[in-house]
Amino acid sequence: MCTFTCLSFVGFLCLYSFLFNFVNGTPQTAPTLPPTTPISRNTESTTRHTTNQTQITTTRRITTTPKITCQPSQVVFIISDDKPPGHKEKISISCNNWGNKNVSFHLEMAFDEDRYFAVQYFQRYNYLQVTVKNTLKTNYNRPTHLTVKEEPFRNVTLNRIPFYINVIEMNDPPSIFPSELKTSVPEDVAVGSIIGSLNFSDPDMGEWEEWRELEVYSQDIPEELRIDRLANGTILLKTNKTLDADKYRNYSQINSTMGFLVEQADEGPIIHFTIEVKDKPGLTSAAIVSLTIIDIADENPVCTEQTVMIKTHVKKIGDLITSLYGICDVGNYVKRGLSYSLLHDNCTAFSVVPDGFVTVRNKIPDNTRFCLLTVEAADGAVPTLTANFTIGIILRFCPSDTDYRNIKWEVGMPRNYTVHRCPPGSNGRVTRYCNENEEYQDPVYNCTSSVIADIHKKLKRDGDSANVIEVLDTLAAATSESSRNDTLLIGDMNTINSTLSIITDLITVNTTNVDHVTYSFMETANNILELKTTPTWKVMINQTGSGAETVLENIDRFVEKIVSTRNTTIAVPKSNLYLKIGSIKACEKAISFPDRGSDSVSEWAQTTQDQIVIGCGDETVKSYSGVMYRNLSQIIPSTTIDNRSTGVQLNAPVMSFTYFPSIKRQLDSPVEITFQLYNNHWEHARCSFWEETNGSQGFWSEEGCQQKEDDQNKGTVVCVCEHLTNFAVLMSPSSPSKVPEDHATALSIISMTGCIISMICLFLTAALHIYFWRVVKSVRSILHINLSCSLFIAYILFLSGINRTEHKDVCTAMAVLLHLVFLTVFFIMLTEGINLAYIAIKPLNTRKPYTQQPGIHLLIASYVLAVIIVAVSMGVTKLEGYGTENKCWLSTETGLIWAFIVPVLVIIALNVIIVAIVIWVMCGTAAISRKSSMGRLKTALRSILILTPIMGLTWVFGAFSINEDTLIFQYLFAIFNSLQIRATLRRKRPKWLSSDSTGASSSERQKMKTQDTTDL
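Residues numbered from 1 in each chain as written. Predicted model: local features only at pLDDT ≥ 70, side-chain atom pairs only at ≥ 80, totals over all residues. Heavy atoms only, no water.

Trainee: Help me understand the overall build of the protein, please; the structure alone is not making it clear to me.
Mentor: The number of helices and strands found in the protein is 24 helices and 45 strands. Within the protein, the fraction of its 1016 residues that count as buried is 45%. Of all intrachain contacts in the protein linking residues separated by at least 6 positions in sequence, the fraction that spans at least 24 positions is 68%. When the accessible surface of the protein is split by element, carbon and sulfur atoms take 55% of a total near 52600 Å². (Helix = DSSP H or I, 4+ residues; strand = E, 2+ residues; numbered from the N terminus. Buried < 20%, exposed > 50% of the residue type's maximum accessible area, 1.4 Å probe, protein only. Contact = heavy atoms within 4.5 Å. Areas by Shrake-Rupley, 256 points an atom, 1.4 Å probe, with all protein chains shown as cover.)

Structure follows, in structure tokens:
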């Protein structure tokens, strides 16, 4: 039974095999594999190069007779050895002739492919997926087949597709290190010297022969360098020629065909180029080389300045003055290699270190302003290459001196304070400021005597319970000259004034102690107003702006308190002040203060003319007080509310007068104050009174006061005021150029008379020219008319506005107009001169018509230039300097006067040259040459006398009118310039009489015109 069953199964298989072969039409034969050729590097191969890798592919053709057709007919599978296990690759493949058969692909395991790859076919999507199973080996190349079998009968092979596996090796680029090489070498290095080295390698190199396939090169290396390659992977950079830094100092990258870059540095030029390494497949690596060619000194250093000026404050020993770095930085040498040394020092106080720092070595001699040093700069590499230069050290300081207290002050630094201790027995400190102009200001002695300080402290401590009369007596004794060895200082003054103010508030005066209290109080005030204290008060004014006005205010308050207690007469004569408290009962017609008929008046007050005269007042007035101060004018500020009063000072004693009860309203009859002047030559008296303000500094005001009389011969000024207070007269110190009064009056009369005569002549000149215009029609006539009109206007403005100083705006406007008109006059004078030269030089038959002659254009330019100069002056000065306290003219203090003087002097100089040329031409004419020598001389003198005024040459006398020593020039200036136009009027008369109205023939008129050059 078994035998039968087995036989039946074998028969069935044979029948199935027969039918299968019959259906497919091919006999069943055993598959044969064509002969294979082993894969090696020397057989048929294809090399593919990419950027990151090199692929080496080996292929063989294997043929078979497929049962079905597949595309592609063979598969070359290339994969790199860096793919990890699990990596998948897809291969597109499709087969036909299989109908609805299910097929599968199998990788024949000819060798050990099953260790590395697995194949899976996705029939629906027509692709084959290859999965990496293990880490791939480098250079793995295996030929095999993909068998296509029918499912589920895998023993039937439908096709065998050649499948070639190529595992390629990845190619890495070579490397060169360091990637940046910075090196430097002197330019005098020997040829063939090694100046740098690099190393290179290639991770893909295996055998020694492969190292030779690496190429080392540079495309932009300078011609002076070369590259040497060693067998151990080292690159040496050597010099090929002699280096020269100067060649690359002026290297131009724009015009160069070389690829390297050049950068300039202090040591020398820096050349940047690259060195590259390339493997056989073409991958490269590069290193950047920066080579500094050190410029070796072959010339002397060159210093930009032969003399270096340095301004510095006085320094201490060891202090740095300056650094010389950068002074010598031109030339063919290494700047950082310079070494400095001091050759000479006339002050023997400085040193210069090799690095170039100038320091103080010894104490600088006192009050030395300038030191001169000679310094040598030597090249560090070649010390024989040197350059010398000088350093001028200007020492800025306030020189040491001795102040008004005979205290010596050392050198001070500008814009700094120098501090001293107070004298023995005083507390505080002394400061002195050194300003930016290197001038010491007055020292400020903020020192308070311990005695005075104790009095003040005790008074404040005791308050209302203090024995004020005792304190006042103690203060009077402490401030007296006999009780102190030194003058009172600023701290003393402030403390004393504060103490007097407190005493005035606290004191209780009765009829029994009023005389004692008054004498003690005024004694203290007298002590601090002594002449010896003047320097202290002046320092206070300069430093704080306030002075002895606090004494003035304390006395006013104290006197008011005394008068309210006792209605009797009190007179306190002191060496520096005089106080009088009187009753109105004794007044008959008027009160005179001081009453010089009384024995109680101070001796110094008896000899002066200072006096206050006032009526007895109304029925409400019961008493009065008057105070006359001897030295207060020098130690009280001259501050005014008027900004134009800069420079005014008190020029008479300060006097005070008050009614009690005080009258707040205007007086029924004004008070008359007579001041005897300290200086009779001062000017512009201003009757003023001291205006006190709450919380701010007081000032001198003129409100309600006016000047009644100013008698400089007597040296007195009389003022009248409508109220009572502290009175003074402020005046301006006269300038050195001030003319004495008698001469000033004479000059004023001459100028006034001459101006009036000139204005009449100017009017006649213009009128006659216009009337006889048909006859005198010419450029000269046009110029004469313009000059006459301009001068006429100038004289009107001068006479009507030069003294209008009472209104600032009007005075400023008048000064601007005078500046403009007088400049116009002078420019027209210059035009007159140029036109005269034109007539003298140009022949008559070659002249253009008068409307085309240059005189017309110059006349227009005269007006334009005058307007431009005035406009620029107004813009630059912002009207500051147009108008002064004395005259409505240009200020000499601000320098604005030069905007007039400079153009005038230039015009005068040009006209002098023109007059000389005209006279020279005249003397060469035939008419003049026929005259005798005396006749020619008379003609020349006559021409000079006529031309000098009309061309403004007489204004030269004004340049010498400086002060009273040159009065003669002032008289000449006033006479000639006020009468200068009369010469013009006289000169034109003969020509007017030659008009057509005289009946002259045309030939005569033509002959008359030819005489222009002789009738100058």
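Trainee: I tried to follow the side chain of Lys 238 on my own but got confused; where do I start?
Mentor: Structurally, Lys 238 can be placed in strand β17 (residues 234–239). Given the relative accessible area of 16%, Lys 238 is considered buried. Within the structure, Lys 238 has its side chain in polar contact with the side chain of Asp 228 (distance 3.1 Å). (Polar contact = N/O pair within 3.5 Å; in protein donor to acceptor, adjacent residues only side chain to side chain.)

Trainee: Explanation requested: the sheet that holds strand β9 (residues 127–132) in the structure shown.
Mentor: Note: strands within a sheet are paired through backbone hydrogen bonds, in either parallel or antiparallel orientation. Taken in spatial order, the three strands line up as β5-β9-β8 in an open sheet, and their pairing is antiparallel. Looking at which strands have only one partner, the edges of the open sheet turn out to be β5 (88–92) and β8 (117–122). Within the sheet, the average angular offset between the axes of one strand and its neighbour, ignoring direction, is 25 degrees. One ladder, built from six bridges, connects β8 with β9; its direction is antiparallel. By the bridge assignment for β9, Phe 117 is matched with Val 132. (Pairing = 2+ DSSP bridges. Axes fitted to C-alpha atoms, helices over the stretch in contact; angles between N-to-C directions.)

Trainee: What is the right way to look at the sheet that holds strand β12 (residues 175–177) in this model?
Mentor: Overall, antiparallel pairing links the four strands, which are arranged β12-β14-β17-β16 in an open sheet. Both edges of this open sheet fall to β12 and β16 (225–229), since each of them pairs with a single strand only. When the angles between neighbouring strand axes are averaged without regard to direction, this sheet yields 25 degrees.

Trainee: Help me out: how do you make sense of the state of the cysteines in this one?
Mentor: Every disulfide links exactly two cysteines, by a covalent bond between their sulfur atoms. Applying the stated criterion across every chain yields a total of six disulfides. Paired by a disulfide, Cys 705 and Cys 721 hold their sulfur atoms 2.0 Å apart. Taking the sign of the torsion about the S-S bond as the criterion, the disulfide between Cys 705 and Cys 721, at about 120 degrees, is right-handed. Of this pair, Cys 705 sits in strand β43 (residues 705–711) while Cys 721 sits in strand β44 (residues 716–721), and the two are 16 residues apart along the sequence. Side by side, Cys 705 and Cys 721 carry an identical accessibility label, which is buried. Each sulfur in the disulfide pair Cys 811 and Cys 888 lies 2.2 Å from the other. Every disulfide takes its handedness from the sign of the S-S torsion; for Cys 811 and Cys 888 that torsion is -125 degrees, giving left-handed. (Disulfide = S-S within 2.5 Å.)

Trainee: Any chance you could explain the nonpolar core here in plain terms?
Mentor: Side chains of a nonpolar character, in soluble globular proteins, are inclined to be buried together. Ranked by size, the top nonpolar core spans 54 residues in total, and within it Ile 528, Leu 529, Ile 555, Tyr 629 and Leu 632 carry the most contacts. Take this core: its biggest share by element is seven residues, from helix α10 (residues 549–563). Discounting chain neighbours no more than four positions away, the residues touching Leu 632 are Leu 529, Ala 548, Leu 552 and Val 654. (Core = buried A, V, L, I, M, F, W, Y, C linked by side-chain atoms within 4.5 Å.)

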